[in-house]
Amino acid sequence: MDFRPFFRTLWTLAFPAGLFSQTVSISPEVYIKNDFAYYVLSHPDGTASLLRDKSFRLILQTLRADFSWSVEKSIELNGKKWRILEVLADSNDIDIFYISRPEEHYVLMKASYNAQGELLEQRELFSGLAATALKEYSVYRSANEQWVGIRFEDVKGENGFLLYHRGADSTICMLPEKQLLGDGEEALEFQDLALSNSGSVFLYARQQGVETKKHRLGHFLLRFDPPENPVLRSELPLESGSVHRLVLRIDDLNRRALLAGLYAENPARNPQGYLFYAVDEDHRMVAAAKIPYSKVLMEEWKGNIKDAEWREGTLQLRDLVLSHSGGSLLLFEHTREMSRRPYFSTIDPGLSTVARWYDFYFDDILAVLLDGKGNLLWERVLRKRQYSQDDDGIFSSFYTFRTAALLRLIFNDAVQSEGTVSEYLLKPNGDNIRKSVLNTSYKNLSLRFRDAISLDAQKLLVPSEHNGKLRLVRITFD
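Everything quoted here is computed from the prediction, not taken from an experiment.

J.: Describe the pattern of salt bridges, naming the residues involved and giving the relevant values.
T.: Taken as a whole, this structure holds 28 salt bridges when the rule is applied. A salt bridge links arginine 52 to aspartate 35; the nearest nitrogen and oxygen atoms lie 2.7 Å apart. Residue arginine 52 is located in strand β5 (residues 48–53), and its partner aspartate 35 is located in the loop between β3 (30–31) and β4 (37–42); the two are separated by 17 residues in the primary sequence. For the pair formed by arginine 52 and aspartate 35, the shared burial category is buried. The partner of aspartate 280 in a salt bridge is arginine 284, and the shortest N-O contact between them spans 2.9 Å. Residue classification places aspartate 280 among the buried positions, given a relative accessible area of 11%. Here the salt bridges do not stand alone but share partners, grouping Asp35, Arg52, Lys54 and Glu72 into one network.

In structure tokens:
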């Protein structure tokens, strides 16, 4: 007898008038309590790969279309010590980028495996990394995942940047970061980096130093088209005010680079509105806007509390959704992190060894739609409340699921295994409704929506971690 159906759960939730329904598929459990990390990749053939990093070796399993697991396959990477930087799908295969130490030096490697864990190709991308590179690195990729940028520290203790083209299987350039940001006292300070689908490298940087009310630091957007083209530089027109947060994104459809975030008139104040910049393919500034929070928004946010504002938390830009017309939907989230001493602790609170609880709050979503010039079209506050303790908030926040007609913002109502998953259905004009998606009671599910993967316009895949066990959950919107 085939017992696999007893280890999978399928159910459909019907809503009034049959308007909405979901089908949920749950994989069998995988024990991950002793794993260092894991990676989930979806493939065009309807399968998904689970790569588990056990620090000394890798375990690869395939989640088949019928939601059963393949047998485990052990993978050993090259070298005595290694650290994974990035794992990407290549059709039905897998590319692993990692730093390895085969002898007394470090090398940057790329290895390709098929779904059965058989090595297809392995090559060295760069040799001579410093030992600190095992900690100091960042990985960036284009939206089409054909370009991978790796920023790391070289043997001289200086930051370097490597650009790799997966389609051509070639390292396009390897250069010191000072070639992009300058050298000496005039060097700019790195803030963010993004890659376009054509391989252009964009950097957001600012002047070094401390920004005060009287001393404004310059903010710049740089562009580099490898391998040997000059670095183009545009200074952002900030007449006054302080940049609180600015995030760099690429609009490949409209061939623009976008910077969006928050500002305050005084560095000591809380954010007071939005900043938005757009640079076209000729590196010309085509949009620059500083937009204060509207009176209507603040009244909606404050409610009956006269002095309420976002002072006790932080608005984080979680997502930037691009439209065909060049508009941008900014999705902020109100977050807080607090530490406190347990009430039963008898240790002197002045000691560094005192035990602490860490509380994580992920609350309301602020949705803001701007047109291509940065003009405000609408703002909406989407209410939610999420609280957790000592978990880094991995089960909190939300996932943006894009469909042709609307957006689904999906999240756990309460961060616990016995709860409800809800969503906001958000239309292009700002109209929205909130509804329940599924109930996780008695199913031992703790869903990590921040790590969800869109499979197509109707399905997404979400990891669930509960009591040291992992299950993959597929939600299909009918």
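Let us keep going from here.
J.: How would you sum up the side chain of glutamate 333? Please name residues and give values.
T.: Looking at the secondary structure, you find glutamate 333 in strand β25 (residues 328–340). A relative accessible area of 0% means that glutamate 333 is categorised as buried. Among the polar contacts made by the side chain of glutamate 333, one reaches the side chain of arginine 318 at a distance of 2.8 Å. Among the polar contacts listed, one links the side chain of glutamate 333 to the side chain of serine 397, at a separation of 2.7 Å. Glutamate 333 has contacts with Thr314, Leu315, Gln316, Arg318, Phe362, Asp363, Asp364, Lys384, Gln386, Ser397 and Phe398, leaving out every residue within four places of it along the chain.

J.: Lay out the sheet that holds strand β32 (residues 432–439) with the relevant residues and their values.
T.: If you trace the four strands from one edge of the open sheet to the other, you get β29-β30-β31-β32, paired in antiparallel fashion. Of all strands in the sheet, those with a lone pairing partner are β29 (399–402) and β32, marking the two edges. Here the average twist between neighbouring strands, direction ignored, is 25 degrees.

J.: Could you give an account of the sheet that holds strand β14 (residues 159–165), with specific residues and numbers?
T.: In any sheet, the strands associate via hydrogen bonds between backbone groups, in a parallel or an antiparallel arrangement. One open sheet accounts for four strands, arranged β12-β13-β14-β15; its pairing is antiparallel. In this open sheet, the two strands that pair with only one neighbour each are β12 (137–141) and β15 (170–176). Shown here is a sheet whose adjacent strand axes are inclined to one another by a mean of 15 degrees, direction ignored. Pairing of β14 with β15 involves six bridges; the strand directions are antiparallel. In the sheet register, leucine 162 faces β15, and the bridge partner there is methionine 174.

J.: Lay out the environment of leucine 369 in plain terms, naming residues and giving numbers.
T.: Following the sequence through the fold, leucine 369 ends up in strand β26 (residues 357–370). Distance in space between the C-alpha atoms of leucine 369 and leucine 331 is 8.8 Å, their sequence separation being 38 residues. Those residues in contact with leucine 369, other than ones at most four positions away along the chain, are Ser328, Leu329, Asn375, Leu376, Leu377, Trp378 and Pro428.

J.: Lay out the pairing of strand β21 (residues 256–264) with the relevant residues and their values.
T.: In the case of a regular strand, side chains alternate between the two sheet surfaces. Counting buried positions along β21 gives nine out of nine residues, so the element sits mostly inside the fold. Relative to β21, strand β20 (residues 242–251) runs antiparallel, the two sharing nine bridges. Looking at the pairing, arginine 249 lines up with leucine 258 of β21. What sits between the antiparallel neighbours β20 and β21 is a turn of four residues, in which arginine 255 has the positive phi angle 55 degrees.

Reading guide: rules and limits
- Residues numbered from 1 in each chain as written.
- Predicted model: local features only at pLDDT ≥ 70, side-chain atom pairs only at ≥ 80, totals over all residues.
- Heavy atoms only, no water.
- Salt bridge = Lys/Arg side-chain N within 4 Å of Asp/Glu carboxyl O.
- Helix = DSSP H or I, 4+ residues; strand = E, 2+ residues; numbered from the N terminus.
- Buried < 20%, exposed > 50% of the residue type's maximum accessible area, 1.4 Å probe, protein only.
- Polar contact = N/O pair within 3.5 Å; in protein donor to acceptor, adjacent residues only side chain to side chain.
- Contact = heavy atoms within 4.5 Å.
- Pairing = 2+ DSSP bridges.
- Axes fitted to C-alpha atoms, helices over the stretch in contact; angles between N-to-C directions.

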